[in-house]
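One-letter residues, chain by chain:
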Amino acid sequence: MNRTIATILSIIFHPMLMPLFGLFLIFNSGTHLSFLPVQVTLLIYFIVFVSTCILPLSILPLLAQFKLIRSFKMESHRERILPIFITGFFFVIGYFVLQKFKLPLFVYQFMLASLISLNLALIITFFWKISLHMAGISGVIGGLLILSIKFGLGISPFLLIAIVAAGFVASARLYLNAHNPSQIFVGFAIGFIPMIIIPFL
């Protein structure tokens with residue numbers, strides 16, 4: 001793996017995109033969730049994309065201008081605190097907007113587990129830097145695993161793709177010296193554990 005490939009993987013599997021990526025796989029899983037009207041799924045994609053990606057990203061130039069972050073890479077854990085908090089704020093707004101629609105319960109459970117993971121990451125980031133990339137992709141893995149268990153589906157291809165992607169992302173983050181192995185493992189746990197617990201509560 002070279003730096004260019006590692007950087008591309010980090011962008012494609014950016015944690016801000018993982019809720020959208022996870023919902024896409026869920027809506028194409030072959031369950032009743034696959035039969036939602038196209039207009040509804042597109043609206044959900046739009047709300048999630050705006051609240052978890054577009055709005056948080058739009059704030060970063062302002063944070064950089066006021067020197068609250070040194071760069072968009074946010075290499076230190078302290079630089080990440082405010083951006084994660086802002087992302088969580090917009091995430092909550094998006095979650096409550098989705099509550100206005102009568103969507104299948106699993107959609108809300110997936111989003112709630114993602115939000116809990118983000119808040120756990122925020123708490124840890126006050127003291128230590130963890131891999132948000134791994135938190136994001138492991139949340140997708142957890143969501144697909146629980147979807148398979150609850151509905152008795154054979155969605156192993158989706159799971160396999162997500163697991164392989166997680167391996168590549170972990171390798172990319174290590175290659176770029178963005179994290180050490182401990183930060184990778186903790187990031188994975190932060191994303192995975194809430195996702196496999198929330199649907200059973």
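Described in the following lines is the structure provided in the data block. Each chain has its residues counted from 1, running along the sequence as written. Given that the model is predicted, a residue must reach a pLDDT of at least 70 before its local features are reported, and side-chain atom pairs must reach 80 or more before they are shown or counted; all residues, however, enter totals for whole chains, interfaces and linings. Side-chain descriptors were evaluated using all non-hydrogen atoms of the structure, hydrogens and water having been removed beforehand.

1. Notes on a nonpolar patch on the surface
Alright, step 1. Each patch is assembled from residues with relative accessible area greater than 30% and no salt bridge, linking like charges that lie within 9 Å and nonpolar side chains (Val, Leu, Ile, Met, Phe, Trp, Tyr) that lie within 5 Å. Residue-level accessible areas treat just the shown protein chains as cover; the underlying method is Shrake-Rupley with a 1.4 Å probe. Salt bridges are defined as contacts in which a side-chain nitrogen from Lys or Arg sits within 4 Å of a carboxyl oxygen from Asp or Glu. A contiguous nonpolar surface patch, about 570 Å² in accessible area, is contributed by M1, I5, L160, V164, F168 and Y175.
Alright, step 2. Runs of E in the DSSP output that reach at least two residues are strands. Runs of H or I that reach at least four are helices, and both are numbered from the N terminus. Considering each element in turn, the nonpolar patch owes the most residues, four residues, to helix α7 (residues 156-175).
Alright, step 3. Among the structural elements, V164 can be located in helix α7.
Alright, step 4. The buried label goes to any residue with under 20% of its type's maximum accessible area, the exposed label to any with over 50%, and the partly exposed label to all in between, with areas taken from a 1.4 Å probe on protein chains only. The partly exposed category is assigned to V164, whose relative accessible area is 40%.

2. Considerations on the packing of helix α4 (residues 77-98) against helix α5 (residues 105-125)
Alright, step 1. With their axes 9 Å apart at the nearest point, α4 and α5 run at an angle of 160° to one another. By the angle class used here, α4 and α5 are roughly antiparallel. The element α4 and its partner α5 pack so that their crossing is left-handed. In contact with H77, R80, I81, I84, F85, T87, G88, F91, V92, Y95 and L98 of α4, α5 contributes Y108, M111, L112, S114, L115, L118, L122 and T125.
Alright, step 2. Ten residues, namely Ala, Val, Leu, Ile, Met, Phe, Trp, Tyr, Cys and Pro, are considered nonpolar, four, namely Asp, Glu, Lys and Arg, are considered charged, and the remaining ones, Gly among them, are considered polar. Its residues assigned to classes, the contact of α4 with α5 shows 13 nonpolar, five polar and one charged. The convention used is that axes are lines fitted to C-alpha atoms, helices contributing only their stretch in contact, and that angles between N-to-C directions extend from 0 to 180 degrees. Our angle categories are set so that under 35 degrees counts as roughly parallel, over 145 as roughly antiparallel, 65 to 115 as roughly perpendicular, and the remainder as oblique. Each crossing gets its hand from how the near helix is turned against the far one by less than a right angle, where anticlockwise is left-handed and clockwise is right-handed. Residues count as neighbours in contact if any of their non-hydrogen atoms are within 4.5 Å of one another.

3. Quick notes on the side chain of S131
Alright, step 1. Structurally, S131 is set in the loop between α5 and α6 (132-151).
Alright, step 2. For S131, the residues in contact, after removing those within four places along its chain, are R173, H179, Q183, I184 and G187.

4. As for the side chain of Q183
Alright, step 1. Mapped onto the secondary structure, Q183 falls in helix α8 (residues 181-197).
Alright, step 2. Polar contacts, as counted here, are pairs of nitrogen or oxygen atoms within 3.5 Å of one another; within protein the pair requires one atom able to donate a hydrogen and one able to accept it, and residues that are adjacent in sequence qualify only if both atoms are side-chain atoms. Among the polar contacts listed, one links the side chain of Q183 to the side chain of H179, at a separation of 3.3 Å.
Alright, step 3. When near neighbours in sequence (up to four residues on either side) are disregarded, Q183 contacts W128, K129, I130, S131 and A178.

5. Some remarks on the nonpolar core
Alright, step 1. In terms of nonpolar packing, the biggest core is built from 32 residues, with L23, I26, F27, L33, I44, L98 and M111 touching the most fellow members.
Alright, step 2. Elements supplying a minimum of two residues to this core: α2 (18-27), α3 (38-65), α4, α5, α6 and α8.
Alright, step 3. At 10 residues, the largest contribution of residues to this core is made by α5.
Alright, step 4. Setting aside chain neighbours within four positions, we find L23 in contact with I44, Y45, V48, V107, F110 and M111. Here the nonpolar core consists of buried residues drawn from Ala, Val, Leu, Ile, Met, Phe, Trp, Tyr and Cys, with membership extended through side-chain atoms lying within 4.5 Å.

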